[in-house]
Amino acid sequence: MSLKHRAFNSGFGTLAAIGADRWLRFLARGRGVILMFHHVRPWRPREFAPNRGLEITPEFLDVVLTELRQEGFDIIPLDAVLDRARPGAAAGRPFAALTFDDGYRDNVEHAWPVLRRHNAPWTLFVTTDFADGRGRLWWLELEQAIARLDRVVLRGNGELRDLPSRTMVEKGAAFEAIYRHLRAGPEERLRAITADLAAQAGVDTRRLTANLCLGWDELQTLVREPDVLIGAHTLSHPILAKCDGTTAMREIAESKELLERRLGRPVRHLAYPFGDASAVGPREFRLARQAGYVTAITSRPAHVFPDHAAHPHALPRTSVNGLFQNTRALRAQFSGVPFLIWNRRRILKIEC
């Protein structure tokens, strides 16, 4: 666990120790919360797992749903969020909406049985290139490449990066440095470098995607289930803020059109890939509105307040992080107290 994540974990512990998640929650908690998940699968012991934060176990998903009920949350479909959040809506129990990003097969194999036991509706946000089996899970390609390589060499734009990656410590440092470097640069370079490293390490990128992500046949079966909504997660999972306007609109609008055509259902909701302030902003919010989505969801952590109903294409969402699989962290998140440091008016000003 990184120093940053240790600090978060310590903060959750402090909130629990002083009871702040209890006595401040009526001030901090909004109308409800949208929760973000990625992988749900059994625990696999791995020494090198820098993307571990993107996965939880089925057992912990059961804990999440149990805690939501015990904390007084109604688990509702994403379609119902705006009505529950609107100013003037009857104040009552807080709500939680459950969302799963990317379209992973383990969501059906391991998450869905738990969700059914709890009678919990959920939304799966699908990246259409992943369903085609040709998309690029570049963050997992990077992990697998570094796991196999003893040195990581990046060349390009007149620069050379040569990082050792023999030990687990070196591999962790290499992943962190390269991930930050790639996220800060152009999308094309990010994908080219990860493809090159995957090729060096013998990582089959197409097989990786096909093995992990649901295909169209599976999605066509899933969409018929009454407790499941399918939402869009763009065509190729780019960092939208780095795309020119035409490309960004194509990613946002054509993914909706393709899902509707292939699945025969309206697609009303979008989740922005990555979704933080470096990845999406006012331009993307405007494009989502123009493309006809009812809501579009970021990964900026906060509860949903009545103010957000006026900005349905910039809704906040809270990640259930695999590094914090404990009730202490959950109760802090469900209280809203950790997000008091986010000034809601400031967030809305930025988003609009």
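Summarised in this report is the structure supplied together with it. (Residues numbered from 1 in each chain as written. Predicted model: local features only at pLDDT ≥ 70, side-chain atom pairs only at ≥ 80, totals over all residues. Heavy atoms only, no water.)

### So, the overall build of the protein chain
In step 1: Scanning the protein chain from terminus to terminus reveals 16 helices and twelve strands.
In step 2: A burial count over the protein chain gives 56% of its 352 residues as buried.
In step 3: For the protein chain, contacts bridging at least 24 residues in sequence account for 73% of all contacts bridging at least 6.
In step 4: When the accessible surface of the protein chain is split by element, carbon and sulfur atoms take 53% of a total near 15,400 Å². (Helix = DSSP H or I, 4+ residues; strand = E, 2+ residues; numbered from the N terminus. Buried < 20%, exposed > 50% of the residue type's maximum accessible area, 1.4 Å probe, protein only. Contact = heavy atoms within 4.5 Å. Areas by Shrake-Rupley, 256 points an atom, 1.4 Å probe, with all protein chains shown as cover.)

### Overview of the layout of surface pockets
In step 1: Reported here for the second largest pocket is a volume of approximately 240 Å³.
In step 2: If you go around the second largest pocket, you meet 15 residues; those closest to its centre are Arg 41, Arg 44, Arg 46, Glu 143 and Gln 144.
In step 3: Only helix 8 (138-148) and helix 11 (205-212) provide two or more residues apiece to the lining of the second largest pocket.
In step 4: Sort the elements by how many residues they give to the lining of the second largest pocket and helix 8 lands first, with four residues.
In step 5: In the lining of the second largest pocket, the residues fall into six nonpolar, three polar and six charged. (1 Å grid on protein atoms, 1.4 Å probe; cavity = no way out; pocket = protein on both sides within 12 Å on 5 of 7 lines; lining within 4 Å. Points joined across faces, edges and corners; volume = space filled by probe spheres on them. Nonpolar A, V, L, I, M, F, W, Y, C, P; charged D, E, K, R; others polar.)

### Focus on empty space enclosed by the protein
Unfilled space is identified by rolling a water-sized probe across the atoms.
In step 1: If you walk through the whole model with that rule in mind, you get one cavity of 30 Å³ or more.
In step 2: If you add up the space inside the largest cavity, you get close to 30 Å³.
In step 3: Forming the walls of the largest cavity are Phe 37, His 38, His 39, Gly 53, Leu 54, Glu 55, Ile 56 and Val 320.
In step 4: When grouped by side-chain class, the residues that make up the lining of the largest cavity number four nonpolar, three polar and one charged.

### Some details on the packing of aromatic side chains
In step 1: What the rule picks out here adds up to twelve aromatic pairs.
In step 2: Plain terms: the ring middles of Phe 48 and Phe 175 are 6.5 Å apart, the flat faces sit at 75° to each other, and that makes the pair edge-to-face. Of this pair, Phe 48 sits in the loop between strand 2 (39-40) and strand 3 (55-56) while Phe 175 sits in helix 9 (residues 168-184), placing them 127 residues apart in sequence. Both residues of the pair, Phe 48 and Phe 175, belong to the buried class.
In step 3: We note Arg 183 situated over the ring of Phe 274; from NZ or CZ to the ring centre the distance is 4.6 Å. (Phe/Tyr/Trp six-rings, centres within 6.5 Å; stacked < 30°, edge-to-face > 60°. Lys NZ or Arg CZ within 6 Å of the ring centre and 35° of its normal.)

### Considerations on the pairing of strand 5 (residues 95-102)
In step 1: Among the eight residues in strand 5, eight count as buried, and that is most of the element.
In step 2: Note: strand 1 (residues 32-37) against strand 5, six bridges, orientation parallel. Within strand 5, the position partnered with Ile 34 by the bridge is Ala 97.
In step 3: For the crossover that starts at strand 5, traverses helix 6 (residues 105-117) and ends in the parallel strand 6 (residues 122-126), the hand is right-handed. (Pairing = 2+ DSSP bridges. Right-handed = clockwise from strand over helix to strand, strands pointing away.)

### Considerations on the nonpolar core
In step 1: Leu 68, Leu 98, Leu 115 and Ile 230 are the most contacted members of the largest nonpolar core, which totals 55 residues.
In step 2: The leading source of residues in this core is helix 13 (residues 245-263), at six residues.
In step 3: In terms of nonpolar packing, the next biggest core, distinct from the first, is built from 29 residues, Ala 145, Ala 174, Leu 190 and Leu 212 among them. (Core = buried A, V, L, I, M, F, W, Y, C linked by side-chain atoms within 4.5 Å.)

### Some words on helix 9
In step 1: In this model, helix 9 (17 residues) spans 24 Å end to end at C-alpha, consistent with the 24 Å of a helix rising 1.5 Å per residue.
In step 2: Among all positions of helix 9, only Lys 171, Ala 174, Phe 175, Ile 178, His 181, Leu 182 and Arg 183 are buried. (Expected span 1.5 Å × (residues − 1).)

### Concerning the pairing of strand 9 (residues 228-232)
In step 1: Burial within strand 9 is extensive, with five of its five residues counted as buried.
In step 2: Alternating residues of strand 9 divide into Val 228, Ile 230 and Ala 232 and Leu 229 and Gly 231, and every residue in both groups is buried.
In step 3: Looking at chain direction, strand 6 and strand 9 are connected through five bridges and run parallel. Counterpart to Trp 122 in the pairing with strand 9 is Val 228.

### A look at the environment of Phe 334
In step 1: Tracing the chain through its elements places Phe 334 in helix 15 (residues 327-335).
In step 2: Residues Phe 334 and Pro 94, 240 residues apart in the sequence, show an inter-C-alpha distance of 9.6 Å.
In step 3: For Phe 334, the contacting residues outside a window of four places in its chain are Arg 29, Leu 35, Val 64, Glu 67, Leu 68, Glu 71, Phe 73 and His 303.

### Notes on the environment of Ala 195
In step 1: Take Ala 195: it is sitting in helix 10 (residues 187-201).
In step 2: With ten residues separating them along the chain, Ala 195 and Thr 205 place their C-alpha atoms 7.9 Å apart.
In step 3: The contact partners of Ala 195, leaving out residues within four places of it in the chain, are Arg 136 and Glu 141.

### Here's the deal with the packing of helix 4 (residues 58-70) against helix 15
In step 1: Look at helix 4 against helix 15: their axes get within 11 Å of each other, and the N-to-C directions meet at 40°. Taken together, helix 4 and helix 15 sit at an angle that is classed as oblique. By crossing handedness, the relation of helix 4 to helix 15 is classed as right-handed. Residues Phe 60, Val 63, Val 64, Glu 67 and Leu 68 of helix 4 form the contact with helix 15, whose own contacting residues are Thr 327, Leu 330, Arg 331 and Phe 334. (Axes fitted to C-alpha atoms, helices over the stretch in contact; angles between N-to-C directions. Parallel < 35°, antiparallel > 145°, perpendicular 65-115°, else oblique. Left-handed = near helix turned anticlockwise from the far one by under 90°.)

### Remarks on the pattern of salt bridges
In step 1: According to the stated counting rule, one finds 25 salt bridges in the structure shown.
In step 2: For Asp 74, the salt bridge identified is with Arg 84, shortest N-O distance 3.2 Å. Of this pair, Asp 74 sits in strand 4 (residues 74-75) while Arg 84 sits in helix 5 (residues 81-85), and the two are ten residues apart along the sequence.
In step 3: With its nearest N and O atoms 2.8 Å apart, the salt bridge here joins Arg 191 to Glu 187. Residue Arg 191 and its partner Glu 187 are located together in helix 10, separated by four residues, close to a single helical turn. We note that Arg 191, like Glu 187, is buried. (Salt bridge = Lys/Arg side-chain N within 4 Å of Asp/Glu carboxyl O.)

Everything listed is a geometric property; what it means functionally is a separate question.
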